[in-house]
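Examination of the molecular architecture
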Amino acid sequence: MAENYSFRPGELWLDDNGVHINAHGGGVLFYAGTYYWFGEHKIAGEAGNAAHVGVHVYSSTDLCNWKDEGIALKVSEDPRSPIVRGCILERPKVIFNPNTNKFVMWFHLEPKDHGYAGALSGVAVADRVAGPYQFIRAFRPNAGVWPLNVPAELKKELSAEECAQLDQLDVAGGPRPWYPRQLLFRRDFSSGQMARDMTLFVDEDGSAYHLYASEGNGTLHISRLADDFLSPAGQYIRVLPGRFNEAPAMLKWRGKYFLYTSDCTGWAPNPARLLIADSIFGEWTELGNPCIGPGEQVANTFNSQPTFILPVNGASDGFIFMADRWNSADAIDGRYVWLPIEFKHGVPTISWHDSWNLDCFGCPV
Ligand code: GAL
């Protein structure tokens, strides 16, 4: 393939074999001088919204030319496996643990044929960055642990009767004025918290965090990972209960934490949101929509939904907003919208560019 040194959001992005990159809902790990892009491998048609292949990985040294490194985590052919072919496996992210020398992958998992009711987190691990990754387990995080930021009077499990009443409410579909802000995490205290759209974030001190849409997608959780990154550490907070933030993606810049999210409208795009905090465990404050441009573009996040913020190696102000332009009718044709983050008065904004390259961050092209 011809060398390519620019990003063209929304167009076909070809790998070294001339095939459209197949890594949706993805994230990028920079390791030993190379970027690794992990994402959902989708197949054609509506069937492609479920996992038939696994997590695909590509490598690059310049973020523009990508080499196909194959399937990092394969779905299983064993019907008893939680990651059996036909399950829903979304938004995989990989981080490296320098203490164990392992690469750790987390993803959102829905058991086969149960829609989105499972709300599980899956974990897999590998000795080599491109895999193969071994699936370890799938579970609902933080069972038996109260969030750090709820008052003592709310640290009380719901009774069976209260749970039964709650089950009558349809909280799955999106914002409701009557969303039960203070009930779902208490219902799920013993069995673990629901976890759907997710990302991972490694802080400067090496601590890692799992951010996931919980409580019927109505409330985000930020949950610290244990030192080996394989399980929750047992410390987490709830962020803006009832605000229905999903598709979380985080960056840290000059000591401040910024969290990008979307609203909750399934595959259809909606206005992105930006939140800020001085500490990862809050207080989190909403800043509004980070997109700049014509109304329509701002209203649908350039027809995309966030998945990850990619810190550009060697550029202290260089971050790429990675988002998906889903095509749920033909999942394999989903497009990638990568745009440079532009700090304006300390706020990391996003504007449309038909074509752009890394020299906007002062990087040589
Ligand atoms: C979106 C979510 C995607 C996928 C989709 C299914 O809201 O961000 O990752 O789960 O819903 O409808």
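The shown structure was predicted, so the numbers you read here are calculated from the model rather than taken from an experiment.

Rules of the game
Throughout this description, residue numbers start from 1 for each chain and increase along the sequence as written. Two thresholds apply to this predicted model, a pLDDT of at least 70 for residue-level local features and 80 or more for giving and counting side-chain atom pairs, whereas whole-chain, interface and lining totals are computed over all residues. As a rule here, side-chain values come from all non-hydrogen atoms in the structure, and water together with hydrogens is ignored. Two strands are said to pair when DSSP picks up at least two bridges between them. In this description a helix means any DSSP run of H or I spanning at least four residues, a strand means any run of E spanning at least two, and both kinds are numbered starting from the N terminus. Between the N-to-C directions of two axes lies an angle of 0 to 180 degrees, each axis being a line fitted to C-alpha atoms and, for a helix, fitted only over the stretch in contact. Buried residues are those whose accessible area, probed at 1.4 Å on protein chains only, stays under 20% of the maximum for their type, while exposed residues exceed 50% and partly exposed ones sit between those limits. Note on contacts: a residue pair qualifies if any of its non-hydrogen atoms lie within 4.5 Å across the two residues. The definition of a polar contact used here is a pair of N or O atoms within 3.5 Å, where within protein one atom must be able to donate a hydrogen and the other to accept one, and adjacent residues in sequence count solely through side-chain atom pairs. The predictor attaches a confidence to each residue, and that confidence, scored 0 to 100, is pLDDT. The pairing test for Phe, Tyr and Trp rings, Trp by its six-membered ring, is centres within 6.5 Å, and the orientation test on the planes gives stacked under 30 degrees, edge-to-face over 60, and tilted for anything in between. Put simply, a charge is over a ring when the Lys NZ or the Arg CZ is close to the ring centre, within 6 Å, and near the line of the ring normal, within 35 degrees.

**Focus on the sheet that holds strand 7 (residues 120-126)**
- The antiparallel open sheet is built from four strands, whose spatial order is 5-6-7-8. Only two strands of the sheet have a single neighbouring strand rather than two, namely strand 5 (88-97) and strand 8 (134-139). Averaged over all neighbouring strand pairs, the angle between strand axes comes to 20°, with direction disregarded.
- Two elements, strand 6 (residues 102-110) and strand 7, share seven bridges in a ladder whose sense is antiparallel. Across the sheet, the residue bridging to His108 is Ser121, located in strand 7.

**A closer look at the pairing of strand 15 (residues 273-277)**
- Here strand 15 lies mainly inside the structure; five of its five residues are buried.
- What you see with strand 15 is no split at all: Arg273, Leu275 and Ala277 on one side and Leu274 and Ile276 on the other are buried throughout.

**A look at the environment of Asn217**
- Residue position: Asn217 is located in the loop between strand 10 (208-214) and strand 11 (219-225).
- Along the chain, Asn217 and Ala160 lie 57 residues apart, while their C-alpha atoms are 22 Å from each other.
- With residues near it in sequence (within four places) discarded, Asn217 still touches Arg196, Phe244, Asn245, Glu246 and Cys264.
- A polar contact of 3.2 Å, which involves the side chain of Asn217, links it to the side chain of Arg196.

**Thoughts on the side chain of Asp188**
- Structurally, Asp188 is set in the loop between helix 2 (184-187) and strand 9 (198-202).
- In this structure the side chain of Asp188 is engaged in a polar contact, spanning 2.9 Å, whose partner is the side chain of Arg187.
- When sequence neighbours within four positions are dropped, the list of residues in contact with Asp188 reads Arg140, Gln193 and Met194.

**A look at the confidence of the model for the protein chain**
- Of the residues in the protein chain, 97% reach a pLDDT of 70 or more, and the chain-wide mean stands at 95.
- Ranking the elements of the protein chain by mean pLDDT puts helix 1 (residues 160-167) last, at 86, and strand 6 first, at 99.

**Description of the packing of aromatic side chains**
- For the structure shown, the criterion picks out 29 aromatic pairs.
- Residues Trp37 and Trp338 carry aromatic rings whose centres are separated by 4.7 Å and whose planes lie at 45° to one another, so their mutual orientation is tilted. A residue pair is termed long-range when its members are at least 10 positions apart, and Trp37 in strand 2 (residues 34-40) and Trp338 in strand 20 (residues 335-344) qualify at 301 residues. Neither residue differs from the other here; Trp37 and Trp338 are each classed as buried.
- With 3.9 Å between their ring centres and 20° between their planes, Trp146 and Phe189 make a pair best called stacked. One end of the pair, Trp146, is in the loop between strand 8 and helix 1; the other, Phe189, is in the loop between helix 2 and strand 9, with 43 residues separating them in the sequence.
- Using a relative accessible area of 12% as the deciding quantity, one classes Phe189 as buried.
- Among the aromatic side chains, those forming a connected cluster through ring pairs are Phe7, Trp13, Trp37, Tyr58, Trp66, Tyr336, Trp338, Trp356 and Phe361.
- Over the ring of Phe139 we find Arg137; its NZ or CZ atom is 3.8 Å from the centre of that ring.

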